[in-house]
Amino acid sequence: MSIAKLRRMADQIGLNFAAIGHDNAVLATADHINKFWDPRMKAQIFADDHSVLSPIARAAIEKLAAGANPPPQTRATEFNAVDELGHSDAG
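Report follows, based on the coordinates.

What counts and what doesn't
Residues numbered from 1 in each chain as written. Predicted model: local features only at pLDDT ≥ 70, side-chain atom pairs only at ≥ 80, totals over all residues. Heavy atoms only, no water. Helix = DSSP H or I, 4+ residues; strand = E, 2+ residues; numbered from the N terminus. Buried < 20%, exposed > 50% of the residue type's maximum accessible area, 1.4 Å probe, protein only. Contact = heavy atoms within 4.5 Å. Salt bridge = Lys/Arg side-chain N within 4 Å of Asp/Glu carboxyl O. Axes fitted to C-alpha atoms, helices over the stretch in contact; angles between N-to-C directions. Parallel < 35°, antiparallel > 145°, perpendicular 65-115°, else oblique. Left-handed = near helix turned anticlockwise from the far one by under 90°. Nonpolar A, V, L, I, M, F, W, Y, C, P; charged D, E, K, R; others polar.

**Let's talk about the side chain of aspartate 48**
Here is step 1 of the chain: Residue placement: aspartate 48 occurs in the loop between helix H3 (39-46) and helix H4 (55-65).
Here is step 2 of the chain: Overall, the relative accessible area of 18% leaves aspartate 48 in the buried class.
Here is step 3 of the chain: Sequence-distant contacts of aspartate 48, defined by excluding residues within four places in its chain, comprise Ile3 and Arg7.

Given below as structure tokens:
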């Protein structure tokens, strides 16, 4: 995947969460990328120039690159246990 596409995806995720405030959006973006991006995608964007990303995406990528493992921030990243109801079935 091209780095331009990864940058665009990270920025779009951050923009999607922007309405919940910067700090919460950073955590939600980091959570989403951590859960749903392939390790190769993460390694590629971690090695890239973070200054070209939006402020939310940049902060999220820097948190993850430093080893952060954010807890679920939205129901979209809370997975069901077997036969459990009430969470997302994403993933």
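**Quick look at the pattern of salt bridges**
Here is step 1 of the chain: Under the criterion given, the structure shown has three salt bridges.
Here is step 2 of the chain: Put simply, arginine 7 and aspartate 48 hold a salt bridge, and the shortest N to O gap is 2.7 Å. With a gap of 41 residues between them, arginine 7 in helix H1 (residues 3-17) and aspartate 48 in the loop between H3 and H4 connect regions that are remote in the sequence.
Here is step 3 of the chain: The class for arginine 7 is partly exposed, based on a relative accessible area of 26%.
Here is step 4 of the chain: With its nearest N and O atoms 2.7 Å apart, the salt bridge here joins lysine 35 to aspartate 31.

**Some remarks on the packing of helix H2 (residues 22-36) against H4**
Here is step 1 of the chain: Packing of H2 against H4 leaves a shortest axis separation of 8 Å and a crossing angle of 55°. By the criterion of interaxial angle, the relationship of H2 to H4 is oblique. Pair H2 / H4 crosses with right-handed handedness. Contact with H2, carried on its side by His22, Ala25, Val26, Leu27, Thr29, Ala30, Ile33 and Asn34, involves Pro55, Ile56, Ala59, Ala60, Ile61, Lys63 and Leu64 of H4 and no other residues of that element.
Here is step 2 of the chain: A class-by-class count of the residues in the contact of H2 with H4 yields 11 nonpolar, three polar and one charged.

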